[in-house]
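# Observations on the model geometry
Here are the chains, one letter per residue:
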2 protein chains.
Amino acid sequence: MATMNDVAKLAGVSVSTVSYALTGVRPVTPETRARIHAAMDELGYQPNAIARSLASRRTHIIALLFPGIELGLSGTALEFVTSAAETAREEGYHLMLWPIGDDEVGETRNLIHQQLADGVLVMEVRLDDPRVDLLRESQTPFTLIGRTADAAGLDYADIDFDTTVRDALDHLIGLGHERIAFVSHSKASLDAGYGPTVRAGEAFERHMTERGLPVVARHCDESADAGRAVVSELWHAHPDITALITMNDAATFGAMAQLADDGRQVPRDVSVLSIASSPRVAALSHPRLTTMAAPGTELGRSGVRSLIERIEGSQSATLHELVPCRLDIQATTSPRTKE
Amino acid sequence: MATMNDVAKLAGVSVSTVSYALTGVRPVTPETRARIHAAMDELGYQPNAIARSLASRRTHIIALLFPGIELGLSGTALEFVTSAAETAREEGYHLMLWPIGDDEVGETRNLIHQQLADGVLVMEVRLDDPRVDLLRESQTPFTLIGRTADAAGLDYADIDFDTTVRDALDHLIGLGHERIAFVSHSKASLDAGYGPTVRAGEAFERHMTERGLPVVARHCDESADAGRAVVSELWHAHPDITALITMNDAATFGAMAQLADDGRQVPRDVSVLSIASSPRVAALSHPRLTTMAAPGTELGRSGVRSLIERIEGSQSATLHELVPCRLDIQATTSPRTKE
DNA sequence: TTGTACGCGTTATCAT
DNA sequence: ATGATAACGCGTACAA
């Protein structure tokens, strides 16, 4: 591999001039610049990223912290990661994966102290997340995808669950529905302080209450069978339900199956609206699911951009971005049928 | 951040001794080792990864090359990436994402020459993949997930499509089926030389022919609607079909829906077997899909392990690993009903 | 067993 | 506008 030294010799200049010709930090005569670039081309020179990082104290690497156990958002996750990686590359950064289980948060500390990453992106943030304190202490720039209970001073990009739930209700209520049940993620995720579960649940309760409608909500494990069971129980307890909001892909499919088995037609008898889900997953359903798609791509993009701004110090305000899910009306919601 | 120098001073030894105490390359007296570790703890010392890389000429970084446009294997992809990242970490390596479109293969060259990665993992390999030549020239260790047409001297881990298709047929034929159709990925993916499409197609044709059964195969775009259309066309052309092998998740769901709409019951009238698909996706189907699950986790693990061995030079033989998909019998396959 | 000193390939601070 | 040269933090021959 050719080094800067080789280039300098071939071009008849000093290494520093080569460096400056490359970075543009200091003016260089067009002629010498040309000679240098010619030499680079001839040698097939590419600057050594590691050496550059050591000298400049900047690696241009962003670490993505994600727990091994995924709480059901597998669909959106890939979309998010891809988007984050692409954005990073556009901005001249690399995205590095740090799959760290909930039980080994301590490892995070070590990784950070290795100073391999200029900044950290935190996925699957919980209301009270120990990783945040860690990052705070370590002085490493970081951005949350999701947010803690008190995220006042922190950069974050998250789904706007309040608006999402409100829009979901607007859609259903606009169709004449009043008895609306909510099927969320597992109780375990709630207890773990998993943001989506907590915030969507709260939003549902508040918005229903404000409208004077009864709050019927259930937690559900991430499986089709659990979805079936919840539907059975729900209609047993509340036979007058005409619409379902779900936030749990596996359960949604189970629910649809159970409704079919029970002879309830979707959407004639029951409307189903799946929120914070992946469009790719929704497209698998028959009839095709009306959804509110999680903005994985947007979150990845702005999370990375904000983090880079913070790293490079060109940022004034903290990022507090809340993106609602986008309503995509398909075949599982329709006007309520009067009996 | 504390450096090795700080540790050395505090422990009253030279930096080299600290280094040797850390790497164990040279013996160090227990006492001095203890003093050094005490100093490290006191200072919260962690070796600087970049400096270490520059000196040792080894970054402990593995790059994962994946095209932006995913040819439908989104389900398995996340599983694979997660597994790769976890395995890398277990082995003391980092996984870095390089999302590079098919149209910008040249970029790959630059990235490699930056010498940020010790080795490269190549995803979504095609029969004739330009990236392979690039990597070969650049002398960078690399392992393919998938394989080119002639992968004789290359390390690869891939799905064993031949065995997978044979097992699929054994299952269906064992149930009495003879008129079996195959619904594959898009024609575009075939033309692009996408490995799974090519190899599974060939395997289907060969195994059916060997058994004296008619070869009925279709390409299908990655969408539910395309799956529906193919089913309609298939039964129009071959009304006697009793079983379907699919390798296209979106199309599989569309096919199931169309079969239902046409009044064909699964599995009573038609058995459906989805191959090389993700169990998580399969679980969404109703009735639950019998599948042959893609070994994403295994491929990620052995791909990374093999690559690391090659990087560290402790490998003798080249990796030629072919893992068949595992049959998971659920509710969409059953004995053929005699009319 | 331990210390000294050089090298890794750049960036950045001095000069000139 | 350009050239020396000292960092950057660590690995590792070589010497002691």
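Report on the accompanying structure. (Residues numbered from 1 in each chain as written. Chains lettered and ligands numbered in written order. Predicted model: local features only at pLDDT ≥ 70, side-chain atom pairs only at ≥ 80, totals over all residues. Heavy atoms only, no water.)

### Brief notes about the interface of chain B and chain A
If you look at the interface, chain B gives 50 residues, while chain A gives 50 residues. Summed over both partners, the interface of chain B with chain A buries about 4,700 Å², with 65% contributed by carbon and sulfur atoms. It is Ile50(B), Arg89(B) and Leu284(B) in chain B that bury the most area against chain A; as a group they hold 16% of the surface buried on that side. At the surface where chain B touches chain A, the tally comes to 4 salt bridges. (Contact = heavy atoms within 4.5 Å. Buried area = accessible area lost by both parts, 1.4 Å probe. Salt bridge = Lys/Arg side-chain N within 4 Å of Asp/Glu carboxyl O.)

### Overview of the pattern of salt bridges
Residues and elements named next belong to chain B. Taken as a whole and assessed by the stated rule, the structure comprises 34 salt bridges over all chains. As a salt-bridge pair, Arg305 and Glu90 come within 3.8 Å of each other at their nearest N and O atoms. With Arg305 in helix α14 (residues 296–312) and Glu90 in helix α5 (residues 74–90), this pair connects stretches of sequence that are 215 residues apart. As a salt-bridge pair, Arg305 and Glu91 come within 3.0 Å of each other at their nearest N and O atoms. (Helix = DSSP H or I, 4+ residues; strand = E, 2+ residues; numbered from the N terminus.)

### Structural notes on the protein's contact with DNA strand C
Around DNA strand C, the surrounding shell holds 28 residues, and the nearest of these are Met4(A), Tyr20(A), Thr17(B), Arg26(B) and Thr29(B). The contact in question runs from a phosphate oxygen of DNA strand C to an N or O atom on the side chain of Thr17(B), over 2.6 Å. Within the side chain of Arg26(B), a nitrogen or oxygen atom sits 2.4 Å from a base oxygen of DNA strand C. For the surface near DNA strand C, the class distribution of residues is 11 nonpolar, 13 polar and 4 charged. (Near = heavy atom within 4 Å. Polar contact = N/O pair within 3.5 Å; in protein donor to acceptor, adjacent residues only side chain to side chain. Nonpolar A, V, L, I, M, F, W, Y, C, P; charged D, E, K, R; others polar.)

### So, the protein's contact with DNA strand D
Residues in contact with DNA strand D amount to 26 residues; listed here are only the nearest, Thr17(A), Arg26(A), Thr29(A), Met4(B) and Tyr45(B). Near the protein, within 4 Å, the atoms of DNA strand D are sugar or phosphate in 58% of cases. In the environment of DNA strand D, a phosphate oxygen lies 2.9 Å from a nitrogen or oxygen atom belonging to the side chain of Ser19(B). Each residue belonging to the surface near DNA strand D can be placed in one class, and the counts come to 12 nonpolar, 10 polar and 4 charged.

### Some thoughts on the pairing of strand β1 (residues 61–66) of chain B
Residues and elements named next belong to chain B. Counting buried positions over the 6 residues of β1 gives 6, a clear majority of the element. Where β1 meets strand β2 (residues 94–99), 6 bridges bridge the pair, whose relative direction is parallel. Counterpart to Phe66 in the pairing with β2 is Pro99. The pairing of β1 with strand β3 (residues 119–122) spans 4 bridges and is classified as parallel. Paired with Leu65 across the two strands is Val122, which belongs to β3. (Buried < 20%, exposed > 50% of the residue type's maximum accessible area, 1.4 Å probe, protein only. Pairing = 2+ DSSP bridges.)

### Section: the relation of the copies chain B and chain A
In the superposition of chain B on chain A (RMSD 0.0 Å, axial shift 0.0 Å), the rotation amounts to 180°. Both copies are brought into coincidence by an operation consistent with a two-fold rotation axis. In terms of C-alpha distance to the rotation axis, chain B has Met96(B) as its closest residue, with the C-alpha 2.1 Å off the axis. Comparing interface residues between copies, 100% of those in chain B also sit at the interface in chain A, which points to an isologous, same-surface contact. (Least-squares fit on C-alpha atoms with pLDDT ≥ 70 in both.)

### Side note on the state of the cysteines
Per the counting criterion, the structure on display carries 0 disulfides over all chains. Left unpaired, Cys325(A) is separated from the closest cysteine sulfur, that of Cys220(A), by 18 Å. (Disulfide = S-S within 2.5 Å.)

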